[in-house]
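# A structural walkthrough
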Amino acid sequence: FPQQLGQAASWNVELAEACGEVTAYETRASGIPWSFSPVLDIGRDARWPRLWETYGEDPLLASALGKAYIAGMQGDDVSAKDKVAACMKHFLGYSVTLRGRDRTQAWVPERQLRTYFLPTFKTAIDAGAKTVMINSGEMNGVPVHASKEILTDLLRTELGFTGVAVSDWEDVAYLYTRHKVAKDFKDAIR
């Protein structure tokens, strides 16, 4: 299938749902009940090397396509033999790094956060997305993996997400080794 950016260029919601259906069928056929997609980050900075993974820069279009893709993947019964759990990625602010590099710092004012970056995730949560992957970097000076404000107050309380939150590769360890907000690995896990 086209990458998500190519799907967005089509403006075809039915295509996104069909891609989700086929992806779920083939993923479940291989014995895997979970897929790390869709990427719901908004593609606002052409320097960011993962721009092609997004549904583009428009929150309304990206929300509609993400919702359709999740519906295709999960259906009405995520435990069905041809369905898988979707994982909305990367909560939150991952795609607007200050330097345009992957997995680095972002500065996102509250109004921009709520206007551009939150709608895709809110729509996906309201549509029943089962899992979420957390942003690997920092947002507004705080590693997202260590942010009660983002992970508890916003994601769990305000948005009502009750599913599984998962870290990306090495992100818990990075709280100690990169971000320096944990005194050791055990503290990072806590």
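Anything mentioned here points back to the structure above.
Being a predicted model, the structure only gives us computed values, none of them experimental.

Our next topic: the nonpolar core. In this structure, M88, F91 and L92 are the most contacted members of the largest nonpolar core, which totals 39 residues. Among the secondary structure elements, those contributing two or more residues to this core are helix 2 (13–29), helix 3 (59–74), strand 1 (87–91), helix 4 (110–117), helix 5 (119–126), strand 2 (131–134) and helix 6 (148–158). Looking at this core element by element, the count peaks at 7 residues for helix 3. Other than its neighbours up to four places away in sequence, M88 contacts P38, L40, F121, A124, I125, A129, T131, V132, M133 and F161.

So, about the side chain of S63. Along the chain, S63 falls in helix 3. Separated by 2.7 Å, the side chain of S63 and the backbone oxygen of P59 make a polar contact. Leave out the neighbours within four places in its chain, and S63 touches P119, T120 and T123.

The subject of this paragraph is the sheet that holds strand 1. Whenever strands of a sheet pair, they do so through backbone hydrogen bonds, lying parallel or antiparallel. Read from one edge of the open sheet, 3 strands run 1-2-5, paired in parallel fashion. At either margin of the open sheet sits one strand with a lone partner, and together these are strand 1 and strand 5 (164–166). Strand after strand, the sheet turns through a mean of 25° between neighbouring axes, direction not considered. As defined by bridge partners, strand 1 adjoins strand 2 across 4 bridges and the pair is classed as parallel. Its bridge partner lying in strand 2, M88 is registered against V132.

With that settled, the discussion passes to a negative patch on the surface. A contiguous patch of negative charge on the surface is contributed by E14, E17, E21 and D82. With respect to the helices, strands and loops of the structure, E14 is situated in helix 2.

Let us now look at the environment of L154. Looking at the secondary structure, you find L154 in helix 6. For L154, a relative accessible area of 6% puts it in the buried group. The spatial distance from the C-alpha of L154 to the C-alpha of S167 is 17 Å, given a sequence separation of 13 residues. For L154, the residues in contact, after removing those within four places along its chain, are F91, L92, L113, R114, L118, E149 and L159.

Turning our attention to the packing of aromatic side chains. Within the structure shown, the criterion is met by 5 aromatic pairs. Here the aromatic rings of F91 and F121 are separated by 5.2 Å at their centres, their planes lie at 85°, and the arrangement is edge-to-face. Taken together, the residues span a long stretch of sequence, with F91 in strand 1 and F121 in helix 5 at a distance of 30 residues. With respect to burial, F91 and F121 carry one shared label: buried. Ring geometry for Y176 versus F185: centroids 4.8 Å apart, planes at 70°, classification edge-to-face. Overall, the relative accessible area of 29% leaves Y176 in the partly exposed class. For F185, a relative accessible area of 45% puts it in the partly exposed group.

How each quantity is defined
Residues numbered from 1 in each chain as written. Predicted model: local features only at pLDDT ≥ 70, side-chain atom pairs only at ≥ 80, totals over all residues. Heavy atoms only, no water. Core = buried A, V, L, I, M, F, W, Y, C linked by side-chain atoms within 4.5 Å. Buried < 20%, exposed > 50% of the residue type's maximum accessible area, 1.4 Å probe, protein only. Helix = DSSP H or I, 4+ residues; strand = E, 2+ residues; numbered from the N terminus. Contact = heavy atoms within 4.5 Å. Polar contact = N/O pair within 3.5 Å; in protein donor to acceptor, adjacent residues only side chain to side chain. Pairing = 2+ DSSP bridges. Axes fitted to C-alpha atoms, helices over the stretch in contact; angles between N-to-C directions. Patch = residues over 30% accessible without salt bridge, like charges linked within 9 Å, V, L, I, M, F, W, Y side chains within 5 Å. Areas by Shrake-Rupley, 256 points an atom, 1.4 Å probe, with all protein chains shown as cover. Salt bridge = Lys/Arg side-chain N within 4 Å of Asp/Glu carboxyl O. Lys, Arg positive; Asp, Glu negative; His and termini not counted. Charge placed at Lys NZ, Arg CZ, Asp CG, Glu CD. Phe/Tyr/Trp six-rings, centres within 6.5 Å; stacked < 30°, edge-to-face > 60°.

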